[in-house]
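Residue-level structure breakdown
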Amino acid sequence: MNDLRILSKIKNDYDRFTGVEQKVASYILDHPDFIPTMTTKELAKQAGASEASIVRFCKTIGVGSFKMLKVVLAKENSESEHTINDFSLLQSKDTPHSLFQKVTYLNKSALELSVNTLDKKDFERSIEAFLHADKFAIYGVGGSYPPVMDAQYKLIKLGYHAIASADFHYMVSVLSMMKPGDVF
């Protein structure tokens, strides 16, 4: 299975699946970004199958469990061009409720991918650096700048010295003034 990506495997084996397995396969192929955020019950409902059928399908394609399928798909989705941040998933014909569901799944998926890809030791070192920092310098450009401003505001409200900018040249001079223990 390492040489053949799971979505390709599902496409290639589609004609060999039972009718119920084809329903599950079709839903997975049409919505691969949503699967890592779903439960077996949610997938069963969306695909028009039973929870047991979902588990059997996972064994049929060689992943063993639905949890493992979610991990494999999350990894594939994060490596592909089509990611959870790809808003081409949103279409003008979507109803307000389906748009809400898609955006909710995109955000839920982003959070779950963060949990699955976050290195615990790096995270703990980051928290330690954060707790002992005297000054924070935060940099972001384009769509990343509004969250940078929000982070600066929140850090200041918590009593930290925080500097935010979208100007690279300004940040270079700020960085030259930072001391060991400060956080960029």
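The structure contained in this document is the topic of the report that follows. Sequence order as written defines the numbering, with residues in each chain counted from 1. For a predicted model such as this one, the threshold for reporting local features is a pLDDT of at least 70, and the threshold for listing and counting side-chain atom pairs is 80 or more; totals across whole chains, interfaces and linings nevertheless cover every residue. Neither water nor hydrogens contribute to the side-chain values; these are computed over all heavy atoms in the structure.

**Examining the overall build of the protein**
This is how it is decided: Here a helix means four or more residues in a row that DSSP labels H or I, a strand means two or more in a row labelled E, and each is numbered from the N terminus. Each residue's exposure class comes from its accessible area (1.4 Å probe, protein chains only) as a fraction of the maximum for that residue type: buried when under 20%, exposed when over 50%, partly exposed otherwise. For this analysis, residues touch if any pair of their heavy atoms sits within 4.5 Å. For the accessible areas, the method is Shrake-Rupley and the probe is 1.4 Å, while residue cover comes only from the protein chains on display.
When helices and strands are counted, the protein shows nine helices and two strands. Helices and strands appear in the protein in the N-to-C order α-α-α-α-α-α-α-β-α-β-α. Across the 184 residues that make up the protein, the buried fraction comes to 33%. Considering only residue pairs separated by 6 or more positions, the protein has 59% of its internal contacts joining residues 24 or more positions apart. When the accessible surface of the protein is totalled, it reaches about 11900 Å², and 58% of it is carbon and sulfur.

**Examining the side chain of Thr 37**
The criterion, for reference: Under this definition, polar contacts are N or O atom pairs within 3.5 Å; protein pairs additionally need one hydrogen-donor-capable and one acceptor-capable atom, and for neighbouring residues in sequence, both atoms have to be side-chain atoms.
With respect to the helices, strands and loops of the structure, Thr 37 is situated in the loop between helix H2 (19-30) and helix H3 (40-47). Accessibility expressed as a relative area gives 2% for Thr 37, which makes it buried. A distance of 2.7 Å separates a polar atom in the side chain of Thr 37 from the backbone oxygen of Phe 34. For Thr 37, the residues in contact, after removing those within four places along its chain, are Glu 42, Tyr 105, Lys 108, Ser 109 and Glu 112.

**Some points on the pairing of strand S1 (residues 135-139)**
Our working definition: Two strands pair if DSSP finds at least two bridges between them. With its strands directed away from the observer, a crossover is right-handed exactly when the path from the first strand over the helix to the second travels clockwise.
Across the five residues of S1, four count as buried, placing the element largely inside the fold. Bridging between S1 and strand S2 (residues 161-165) involves five bridges; their strand directions are parallel. Directly across from Phe 136, in S2, lies its bridge partner Ala 162. The β-α-β motif built from S1, the intervening helix H8 (residues 145-157) and the parallel element S2 has right-handed crossover chirality.

**A few points about the nonpolar core**
In plain terms, the rule: To form a nonpolar core, buried Ala, Val, Leu, Ile, Met, Phe, Trp, Tyr and Cys residues must be joined to one another through side-chain atoms within 4.5 Å.
Counting residues in each nonpolar core, the largest one holds 25 residues, and the members touching the most others are Ile 6, Ile 28, Leu 43 and Leu 69. Mapped onto this core, the elements with two or more residues apiece are helix H1 (6-13), H2, H3, helix H4 (51-60) and helix H5 (66-79). Counting residues in hydrophobic clusters, the runner-up holds seven residues, among them Ala 133, Phe 136, Val 148 and Leu 155.

**A look at the packing of H2 against H3**
Applicable threshold: Angular values range over 0 to 180 degrees, each being the angle between N-to-C directions of two axes fitted as lines to C-alpha atoms, with helices fitted over their stretch in contact. An angle below 35 degrees is treated as roughly parallel, one above 145 as roughly antiparallel, one from 65 to 115 as roughly perpendicular, and anything else as oblique. Throughout, the ten residues Ala, Val, Leu, Ile, Met, Phe, Trp, Tyr, Cys and Pro are labelled nonpolar, Asp, Glu, Lys and Arg are labelled charged, and all others, Gly among them, are labelled polar.
Look at H2 against H3: their axes get within 9 Å of each other, and the N-to-C directions meet at 105°. The orientation of H2 relative to H3 falls into the category roughly perpendicular. Where H2 abuts H3, its residues Lys 23, Val 24, Tyr 27 and Ile 28 lie against Leu 43, Gln 46 and Ala 47. By residue class, the composition of the contact of H2 with H3 is five nonpolar, one polar and one charged.

**Let's talk about H3**
Our working rule: Arc definition: it is the arc formed by the directions from the helix axis to the C-beta atoms.
Residues Leu 43, Ala 44 and Ala 47 constitute the buried set of H3. Buried residues of H3 fall within an arc of 100° about the axis and therefore sit on the same side. Pointing more than 90 degrees away from the buried face of H3 are the exposed residues Lys 41 and Lys 45. Backbone geometry just downstream of H3 places Gly 48 in the positive-phi region, at approximately 70°.

**Quick word on the environment of Ser 176**
Mapped onto the secondary structure, Ser 176 falls in helix H9 (residues 168-176). Here Ser 173 takes part through its backbone oxygen, which lies 2.6 Å from a polar atom of the side chain of Ser 176.

Geometry only, nothing functional implied.
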